[in-house]
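So the chains spell out like this:
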Amino acid sequence: MMKKQMKAAILNKPKDIEVKQVPIPEPKRNEALVKVHCIGVCGSDVHYYEHGRIGRYVVEKPIILGHEVSGTVVQLGAEVKNIRIGDRVAIEPGIPCGECAYCRSGRYNLCGAVEFMATPPYDGAWAEYVTVNSEFLFKLPDHVSFEEGALIEPLSVGFHAMRRGKVGPGDTLLITGLGPIGLLAIEAAKMFGVTEIYGSDVVGFRRDLALQMGVKGVMDPTKGDLLEQFRQVSGNKEIDVLIETSGNVQAVSDTIRLVKRGGKIVYVGLPTVNQVPMDMTAMIDAEIDMLGVFRYVHTYADAIQSLDHPLVDLTKVITDQYSLDEIKKAVEVALNEKEKSIKVMIYPNAEDIK
């Protein structure tokens, strides 16, 4: 008989998180119960931990965080047909309504009624078990690790950005901001056949890691004009597509003058202010395409298949691994050690840490 209680990390209020025993959730007719193997710590988790809110989403009652997750199916709802007990799966954490105009048109990431894990008031997956609508579970091939399965979620942001920017093999690509999303966007770009990939970040450790992951060159925005640096490291190439992941106000504002005439800019990172000064005259004159990214849509199956690309290795971004019992230490590392920490992974079973 399966146990009835599980460990879960509960955020009571900002900076107050603890591991408690809570009931194991029961899957509804269209859901599966998944035994969690590993979960990534996302920047949004850290923000909720530090501030208790992100924009209009406010932690008003204790919540379980975590939405970058993989695991094994252990129980099925009565109507589930697409997966089986024992399947290893990656979990897409946003469940849309399926009925609105956005859902019907295929852009379910824009659904206003989406229930997204670890976004108040919905619990996430920093726990031993989680229930999920089975349509948002994606089987992992035997050769794909649980770590890679959990990283499909942040990878999907970069994958969606490549689609939004219609990125192709002949493009020269610049990624500004080399945090977890920016670094995984490098891997997404490889999946789209791009070989001319460049990166920019203020942190030396991140620039070095980007070079290890195969970018052609890196720049430091604090060391002078970014466009001039790019010309030097690229041999005077032009930027076809710029993926902005940092959210830094100056970086966002500078994008228009960096990309070539007729180029494309894809905005991923969220600025901390509502308004950013932009040279719209220059944008119009250069006929630049400016595109926003909100999470992702229809990415999981293709991203999992694309892991077979010989140059792709998601696990390079994993810098820290902790058990669920060490959750506070893990989140503090993600919060305070950005100079040397990229992706922190959490394991409900400490024995699963490699």
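Residues numbered from 1 in each chain as written. Predicted model: local features only at pLDDT ≥ 70, side-chain atom pairs only at ≥ 80, totals over all residues. Heavy atoms only, no water.

Draft legend 1. Seen up close, the nonpolar core. The biggest cluster of nonpolar side chains holds 53 residues, and the ones touching the most others in it are Leu11, Ile91, Trp126, Val132, Leu137, Val344 and Ile346. Ranked by residues supplied to this core, first place goes to helix 10 (residues 327–336) with 6 residues. Setting aside its immediate chain neighbours within four residues, Leu137 contacts Ala32, Val34, Val73, Ile83, Val89, Ala90, Ile91 and Val132. Formed by 50 residues, the second largest nonpolar core is a distinct cluster that contains Leu155, Met213, Val241 and Val317. (Core = buried A, V, L, I, M, F, W, Y, C linked by side-chain atoms within 4.5 Å. Buried < 20%, exposed > 50% of the residue type's maximum accessible area, 1.4 Å probe, protein only. Helix = DSSP H or I, 4+ residues; strand = E, 2+ residues; numbered from the N terminus. Contact = heavy atoms within 4.5 Å.)

Draft legend 2. Focus on the layout of surface pockets. Taken as a whole, the second largest pocket holds about 750 Å³ of empty space. Around the second largest pocket, the lining comprises 28 residues; the ones closest to its centre are Glu31, Glu115, Tyr122, Asp123 and Thr131. Going through the elements one at a time, strand 1 (5–13), strand 2 (16–23), strand 6 (63–64), strand 10 (115–116) and strand 11 (129–133) are the ones with two or more residues in the lining of the second largest pocket. Its residues assigned to classes, the lining of the second largest pocket shows 17 nonpolar, 4 polar and 7 charged. (1 Å grid on protein atoms, 1.4 Å probe; cavity = no way out; pocket = protein on both sides within 12 Å on 5 of 7 lines; lining within 4 Å. Points joined across faces, edges and corners; volume = space filled by probe spheres on them. Nonpolar A, V, L, I, M, F, W, Y, C, P; charged D, E, K, R; others polar.)

Draft legend 3. Highlighting unusual backbone geometry. Between Pro120 and Pro121 the backbone carries a cis peptide bond, its omega angle lying at 10 degrees. Relative to the elements of secondary structure, Pro121 occurs in the loop between strand 10 and strand 11. In this model, Lys166 sits at a positive phi of 50 degrees, which is unusual for a non-glycine residue. Summarising the element assignment, Lys166 is placed in the loop between helix 3 (146–164) and strand 13 (172–176). Positive phi values are uncommon outside glycine, yet Arg295 reaches one of about 55 degrees. With respect to the secondary-structure elements, Arg295 resides in the loop between strand 18 (289–292) and helix 9 (300–306).

Draft legend 4. Representation of the state of the cysteines within the structure. All told, the structure shown has 0 disulfides when counted by the stated rule. Cysteine Cys111 remains unbridged, with the sulfur of Cys97 as its closest cysteine sulfur at 3.7 Å. Here Cys111 falls in the buried class, since its relative accessible area comes to 5%. (Disulfide = S-S within 2.5 Å.)

Draft legend 5. The arrangement of the side chain of Glu148 in detail. Counting through the fold element by element, Glu148 comes out in helix 3. Notably, Glu148 is buried but unbridged: the nearest opposite-charge side chain belongs to Arg88, and the N-O separation is 7.1 Å. Not counting residues up to four positions away in its chain, the partners in contact with Glu148 are His143, Leu307, Leu314 and Thr315. (Lys, Arg positive; Asp, Glu negative; His and termini not counted. Salt bridge = Lys/Arg side-chain N within 4 Å of Asp/Glu carboxyl O.)

Draft legend 6. Structural detail: the packing of aromatic side chains. Evaluated as defined, the whole model comprises 5 aromatic pairs. Pairing Tyr296 with Tyr300 gives two aromatic rings, centres 6.0 Å apart and planes at 50 degrees, and the pair type is tilted. Neither Tyr296 nor Tyr300 differs from the other in exposure class; each is buried. Above the ring of Phe146, the side-chain terminus of Arg88 is found at 4.5 Å from the ring centroid. (Phe/Tyr/Trp six-rings, centres within 6.5 Å; stacked < 30°, edge-to-face > 60°. Lys NZ or Arg CZ within 6 Å of the ring centre and 35° of its normal.)

Draft legend 7. A look at the sheet that holds strand 14 (residues 196–200). Read across the open sheet, the 6 strands follow the order 15-14-13-16-17-18; overall the sheet is parallel. One side of each edge strand has no neighbouring strand; the edge strands of this open sheet are strand 15 (217–219) and strand 18. Sheet twist, expressed as the mean angle between neighbouring strand axes with direction ignored, is 20 degrees. Direction of pairing for strand 17 (residues 259–267) relative to strand 18: parallel, over a ladder of 4 bridges. Note on strand 18: the bridge partner recorded for Tyr267 is Gly292. Where helix 6 (residues 226–234) meets the sheet, its contacts fall on strand 13, strand 14, strand 15 and strand 16 (239–244), and the angle it forms with strand 15 comes to roughly 160 degrees. (Pairing = 2+ DSSP bridges. Axes fitted to C-alpha atoms, helices over the stretch in contact; angles between N-to-C directions.)

Draft legend 8. Inspection of the sheet that holds strand 2 at higher detail. An order of 2-1-6 is seen for the 3 strands of this open sheet, with the pairing classed as antiparallel. Two strands bound the open sheet, and with one partner strand each, they are strand 2 and strand 6. In the sheet, strand 1 pairs with strand 2 via 8 bridges, with the strands oriented antiparallel. Bridge pairing in strand 2 places Met6 opposite Val22.

Treat this as a map of the structure, not an account of what it does.
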